[in-house]
2 protein chains.
Amino acid sequence: MDLFSTSLSMPEWETLIHRAEVGDVNEALENIDRSKGTEFDVIFIGGGAGGRFGSAYSKARGLRQLVVDKWPFLGGSCPHQACVPHHLFSEAAREMDYMRWNSDTLWFTKFEEERASIVDLIDLFKRGRNNPHAFMNWQSKEQLDMEYILNAEAIVIDKNTVEVNGERFTTKNIVLGTGSSTFVPPEIKGLDKAGVYDYATLIDPGLDYEPTSCVIIGGSKVAMEYGSFYQATGCHTTILTRSPLMRTKSLHHIDEDLRRYVVDNMRLRGMDIIEGCEPLEVVGEERATGVRVRLADGTETIIETDFVFLGTGERPHTQPFVDALGIDVDEKGFVKVNARMQTSIPGIYAIGDLIGAPMEMFKARKCGMTAARNIAGEPFEFDFSEYPDFLHTTYEVTWVGLTEDEAREQYEDITVIQMPPKGMPNGDIALPVSEGTMLYAFTRPELSGFQKCIYDNHSRRLLGAHHVGMGAKDAFQYLDFLIKKGITIDEMGEMNELFINPEHFIQLSRLRAGHQNLVDL
Amino acid sequence: MDLFSTSLSMPEWETLIHRAEVGDVNEALENIDRSKGTEFDVIFIGGGAGGRFGSAYSKARGLRQLVVDKWPFLGGSCPHQACVPHHLFSEAAREMDYMRWNSDTLWFTKFEEERASIVDLIDLFKRGRNNPHAFMNWQSKEQLDMEYILNAEAIVIDKNTVEVNGERFTTKNIVLGTGSSTFVPPEIKGLDKAGVYDYATLIDPGLDYEPTSCVIIGGSKVAMEYGSFYQATGCHTTILTRSPLMRTKSLHHIDEDLRRYVVDNMRLRGMDIIEGCEPLEVVGEERATGVRVRLADGTETIIETDFVFLGTGERPHTQPFVDALGIDVDEKGFVKVNARMQTSIPGIYAIGDLIGAPMEMFKARKCGMTAARNIAGEPFEFDFSEYPDFLHTTYEVTWVGLTEDEAREQYEDITVIQMPPKGMPNGDIALPVSEGTMLYAFTRPELSGFQKCIYDNHSRRLLGAHHVGMGAKDAFQYLDFLIKKGITIDEMGEMNELFINPEHFIQLSRLRAGHQNLVDL
């Protein structure tokens with residue numbers, strides 16, 4: 001279907017995507033300027049976050065680009081099966097949590113657990129997701145002037161040739177960005193049974209029954225986020241994890257006080273978190289009925305459940321590219337790239353989840369931008385070794401920079417500013433607090449959150465910031481930038497806070513900035 | 001009561017403050033190091049935000065300070081009657097709004113309007129407010145080493161003498177920070193009737209009946225915030241305002257698109273907003289039964305109500321200081337100060353709401369810091385002509401820097417990046433969205449918010465940012481700093497976003513940053 005000379009409205013795009021998804025439209029959706037032929041400066045394989053942002057940047061820099069995706073929309077897995085449903089579910093978890101704690105008080109009616117359906121939320125998401133899909137297609141065409149082919153598989157023939165729909169396109173460069181999917185640990189038996197899901201299969205084909213309990217295998221962010229949601233709906237959830245939660249290699253800079261607050265609060269909501277264990281097998285005939293696990297003390301037990309969920313990390317699908325191009329990959333299959341996103345083969349780039357952790361949006365998008373800039377002749381390097389991070393439980397948990405322990409190791413003399421203050425019981429103080437935690441503060445102060453920031457006393461520079469609560473996530477993007485620029489406690493103290501700010505760092509810093517020799521607060 | 005050599009716990013402070021409030025403890029609460037005599041470098045009259053932060057800074061700089069407050073706690077009106085209850089009420093408004101739109105769907109039971117009680121929320125606040133009060137006293141003593149006298153009036157005798165409780169204290173400097181209270185317009189009759197409240201009397205003595213409707217006189221932030229809350233509880237609210245909402249002198253940099261989104265959404269929730277009118281009189285025998293108002297077309301009408309609320313701005317109480325010290329004040333009574341917070345009398349400073357708008361926390365606290373630094377011999381100026389700002393409706397509304405119109409006037413060539421894109425109906429797109437607006441996005445996309453940022457094409461610098469939604473407030477503090485530092489679209493585009501970020505400025509900027517000549521998005 002040639003869409004190049006038409007301009008679809010948002011509702012028209014939504015309809016078209018829907019028809020493609022249900023199999024009414026099987027042909028490719030093409031937005032190609034045929035008057036320019038079939039030769040490109042760069043072809044992006046995969047139109048997820050990285051491919052789309054790389055395409056936009058390529059186009060802005062005057063390159064002719066093409067992006068190809070097997071799905072009928074650009075934007076990739078995030079708005080289809082990953083970050084967007086996760087945010088919807090995490091928001092639901094937070095709302096349900098508020099409604100449970102305040103059940104039958106104030107304006108809250110009695111919380112009706114039988115109404116809190118996981119399946120309903122999945123359905124709500126699936127009914128709505130074509131709107132963001134439509135927007136990606138609309139924006140990419142109408143505002144960003146990209147060329148694309150959707151609803152069609154791209155086959156890499158060689159380093160200058162890509163075949164789509166039987167047609168061959170030539171290109172000077174190829175950028176691989178086909179993402180990853182859940183790692184299915186081969187040593188755990190029975191993961192192919194009915195009743196075993198990951199974040200993607202939860203949505204497509206989709207959970208089609210209301211589970212009575214959940215056992216999560218793995219202790220990743222996904223485990224914590226989806227687990228907190230299931231628990232909030234009343235589906236009792238057990239997390240089986242080898243490493244202590246938030247002490248996995250994939251998460252860096254986790255402050256121990258923050259970790260304790262987060263994990264304690266998950267347990268307080270009724271979750272079982274079994275650390276140091278080894279899940280062995282999903283038991284049951286055709287359907288899962290439980291998980292056999294070896295506990296930390298070496299004994300084995302079966303935890304009964306009708307819903308097993310995998311939070312075991314991600315693996316890429318790189319074999320077709322290895323076969324076609326001979327690019328180097330690591331032992332897990334992730335493509336090896338340098339800081340310019342260049343693979344071992346000149347002219348071939350790889351971006352996003354395909355090159356490994358962190359599997360985060362900023363990385364995917366900036367990988368795309370980095371590849372585009374280098375292809376356009378600008379030597380540009382992207383170092384994603386240090387970045388701000390977050391996860392959800394029923395809270396937003398955000399962090400950037402050094403933990404207190406890391407700072408103590410690396411600096412002679414540091415100052416820690418935190419709330420509640422060290423040594424004060426959480427329940428004694430209704431702080432920190434702001435939009436999203438006010439009602440916790442006034443009903444159960446111990447639930448209102450935790451925060452900490454750390455300064456180097458010598459340079460007076462901010463080293464790290466850590467927050468549990470609501471509403472600080474957006475700020476941590478800028479705190480990351482400011483930490484890298486060397487922001488000091490004096491500059492922080494002279495900023496203009498918007499009270500009641502979710503993290504109270506500006507004013508708390510001001511309370512100490514007057515000191516020549518900094519002291520804790 | 002001499003507290004200097006004791007160390008009260010948080011619960012002990014809460015109890016003591018409670019006893020003082022109910023009249024069980026009438027004596028002054030003293031935390032003074034008597035071994036050092038009664039001579040101070042600076043005495044702060046009023047222990048609100050400005051006095052407390054000024055005291056902390058003075059102490060940090062090695063000055064001997066004393067702060068005196070008539071209330072039995074430090075922190076002033078904010079945690080007692082102003083910003084903290086406002087935030088609790090605004091959070092309740094947001095939650096009720098969510099529960100109304102989703103009533104009897106998903107996990108939401110039918111919204112029971114009869115449960116949504118304004119009086120209950122006031123009671124909840126009053127039961128809890130002594131916790132933050134206690135913390136201010138605890139922190140100021142145990143962590144900040146301030147000296148203070150609470151539960152006692154300070155009388156300024158002359159520029160070097162303050163009397164408290166019959167005792168005279170001498171000082172080199174005095175900092176006045178006694179705040180302001182609601183302006184009662186003398187031309188409106190009947191404002192002394194029962195049933196007429198402002199934000200302070202709403203709390204103390206407190207609204208003691210459940211009103212059936214509300215008429216708000218004035219169009220200030222307070223009017224919009226409290227009005228949105230009353231409306232959310234089911235108390236139908238009418239705002240009577242001379243200027244269009246958000247087009248008052250006291251609010252600067254209000255983007256017209258943002259304003260329209262905000263006001264349209266207040267009306268969509270059922271509020272009546274009558275602009276261009278002149279409230280004349282609260283009618284009724286002893287109790288208010290209505291408000292007589294002259295409408296924009298010159299006709300008069302009476303709007304019936306059992307609850308009148310004043311959102312008419314603030315006036316300071318400066319007469320005692322004029323009488324004692326002869327300081328200059330303006331025609332409204334606000335103390336005139338220079339950028340160092342110095343009044344017309346050497347050694348006398350004034351800070352916070354007492355010196356006029358903006359009546360915001362950052363200004364009060366930084367005024368205190370500014371006075372302290374100058375008293376300590378450091379010439380320091382505080383310019384609060386430009387600052388980030390916010391208000392609540394059922395949304396958080398935040399803005400900083402120039403509006404689109406202002407930017408067009410001041411710069412030759414600008415780029416506007418906004419969501420929804422110009423010309424696209426709000427209902428066509430479920431963006432912007434993030435924590436706090438996910439459910440709007442998936443049920444009623446037109447409610448999910450609005451955002452805009454503006455760049456100068458020549459310098460590529462960020463000029464302004466505007467947001468309606470949830471969760472962006474914290475970030476706007478740092479955006480204010482970054483705008484002043486001259487942040488460019490290129491630097492924005494290279495930041496690390498935490499997806500789904502409430503404002504999508506980083507990634508949207510990245511989509512355009514590749515262009516040598518910037519274009520709208």
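**With respect to the packing of helix α1 (residues 10-21) of chain B against helix α6 (residues 130-143) of chain B**
Residues and elements named next belong to chain B. Between α1 and α6, whose axes approach to 8 Å, the crossing angle comes to 115 degrees. It follows from the interaxial angle that α1 and α6 lie roughly perpendicular. Helix-helix and strand crossings are classified by hand; for α1 and α6 the assignment is right-handed. Of the residues in α6, those touching α1 at Met 10, Trp 13, Glu 14, Ile 17 and His 18 are Asn 130, Asn 131, His 133, Ala 134, Phe 135, Asn 137 and Trp 138.

**Some points on the sheet that holds strand β14 (residues 290-294) of chain A**
Residue and element names in this part refer to chain A. Taken in spatial order, the three strands line up as β13-β14-β15 in an open sheet, and their pairing is antiparallel. Each edge of the open sheet carries a strand with a single partner, namely β13 (278-283) and β15 (300-304). The sheet shows a mean angle of 25 degrees between the axes of neighbouring strands, direction not considered. When β14 meets β15, the two strands line up antiparallel, connected through five bridges. The residue of β15 that forms the bridge with Arg 294 is Glu 300.

**Points about the domain arrangement of chain A**
All names here are of chain A. By the assigned domains, chain A splits into domain 1 (10-79 + 127-181 + 315-375), domain 2 (196-312) and domain 3 (395-513). Between domain 2 and domain 3, the C-alpha centre-to-centre distance is 30 Å. Of the residues belonging to the side of domain 2 that touches domain 3, the class tally is four nonpolar, two polar and three charged.

**Looking at the relation of the copies chain B and chain A**
Overlaying chain B with chain A gives an RMSD of 0.0 Å, the required rotation being 180 degrees about an axis along which the chain moves by 0.0 Å. Accordingly, the operation relating the two chain copies is best matched by a two-fold axis. When each C-alpha of chain B is compared by its distance to the rotation axis, Ala 475 of chain B comes out closest, at 1.9 Å. Interface overlap between copies: 100% of the residues of chain B at the interface are likewise at the interface in chain A, consistent with a symmetric, same-surface contact.

**Describing helix α14 (residues 473-484) of chain A**
All names here are of chain A. Over its 12 residues, α14 runs 17 Å from end to end, which matches the ideal 16 Å to within 8%, given 1.5 Å per residue. Counted residue by residue, α14 has 11 buried out of 12 residues, so it is predominantly covered. Along α14, the residues classified as buried are Lys 473, Asp 474, Ala 475, Phe 476, Gln 477, Tyr 478, Leu 479, Asp 480, Phe 481, Leu 482 and Ile 483. Backbone geometry just after α14 places Gly 486 at a positive phi near 85 degrees.

The rules behind the values
- Residues numbered from 1 in each chain as written.
- Chains lettered and ligands numbered in written order.
- Predicted model: local features only at pLDDT ≥ 70, side-chain atom pairs only at ≥ 80, totals over all residues.
- Axes fitted to C-alpha atoms, helices over the stretch in contact; angles between N-to-C directions.
- Helix = DSSP H or I, 4+ residues; strand = E, 2+ residues; numbered from the N terminus.
- Parallel < 35°, antiparallel > 145°, perpendicular 65-115°, else oblique.
- Left-handed = near helix turned anticlockwise from the far one by under 90°.
- Contact = placed C-beta atoms within 7 Å.
- Pairing = 2+ DSSP bridges.
- Domains from an automatic or database assignment.
- Nonpolar A, V, L, I, M, F, W, Y, C, P; charged D, E, K, R; others polar.
- Least-squares fit on C-alpha atoms with pLDDT ≥ 70 in both.
- Expected span 1.5 Å × (residues − 1).
- Buried ≥ 20, exposed ≤ 12 C-beta atoms within 10 Å, placed from the backbone.

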